[in-house]
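# Observations on the three-dimensional arrangement
Letter by letter, the chains look like this.
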Amino acid sequence: MSGPTQRFSVRIRVQLTLIAVVSAATLLATWQFSEASGSYQDAVRQDVKRQAAVVEDIRHVYGDEAPTAFRVAAAQARADGLQTVRDQGRIAASE
């Protein structure tokens, strides 16, 4: 046997290099996917919070303030309707 023998042939070295590159690319892609997934979940959480705030505002306006506003509008319409008959008697005028 003349000369030192090589432990790995060129073909095996290329295969090992390709396996290492593919493994690194897979790890990088997995990490990027994880980051994107986390960002998406944060966006979903923020959207749910925003929608809950909108629902609370709507509940406040329509549930708490709308009945009072409706009564005021109805009283105003009634007062406007009674303006034409206010000179016809005390009851209409007091109303």
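Residues numbered from 1 in each chain as written. Predicted model: local features only at pLDDT ≥ 70, side-chain atom pairs only at ≥ 80, totals over all residues. Heavy atoms only, no water.

## A word on the overall build of the chain
Across its full length, the chain holds two helices and zero strands. Over its C-alpha atoms the chain spans a radius of gyration of 39 Å, topping by over 25% the 12 Å that the globule rule assigns to 95 residues. Across its three principal axes, the chain shows a C-alpha extent of roughly 135 × 20 × 10 Å. In the structure as shown, the chain presents an accessible area of about 8,800 Å², 62% of it carried by carbon and sulfur atoms. (Helix = DSSP H or I, 4+ residues; strand = E, 2+ residues; numbered from the N terminus. Rg over C-alpha atoms; globule rule 2.2 N^0.38 Å. Areas by Shrake-Rupley, 256 points an atom, 1.4 Å probe, with all protein chains shown as cover.)

## A short note on the pattern of salt bridges
Enumeration over the complete set of coordinates arrives at four salt bridges. The salt bridge partner of Arg-50 is Asp-47, with a shortest N-O separation of 2.9 Å. Taken together, the residues Arg-50 and Asp-47, both in helix α1 (residues 10-82) and three residues apart, mark about one turn of the helix. Take Asp-47: its relative accessible area is 33%, and that puts it in the partly exposed class. The shortest N-O distance in the salt bridge between Asp-64 and Arg-59 comes to 3.6 Å. Judged by its relative accessible area of 38%, Asp-64 is partly exposed. Owing to a relative accessible area of 42%, Arg-59 belongs among the partly exposed residues under this scheme. Look at the salt bridges and you will find they share partners, linking Glu-56, Arg-59 and Asp-64 into a network. (Salt bridge = Lys/Arg side-chain N within 4 Å of Asp/Glu carboxyl O. Buried < 20%, exposed > 50% of the residue type's maximum accessible area, 1.4 Å probe, protein only.)

Treat this as a map of the structure, not an account of what it does.
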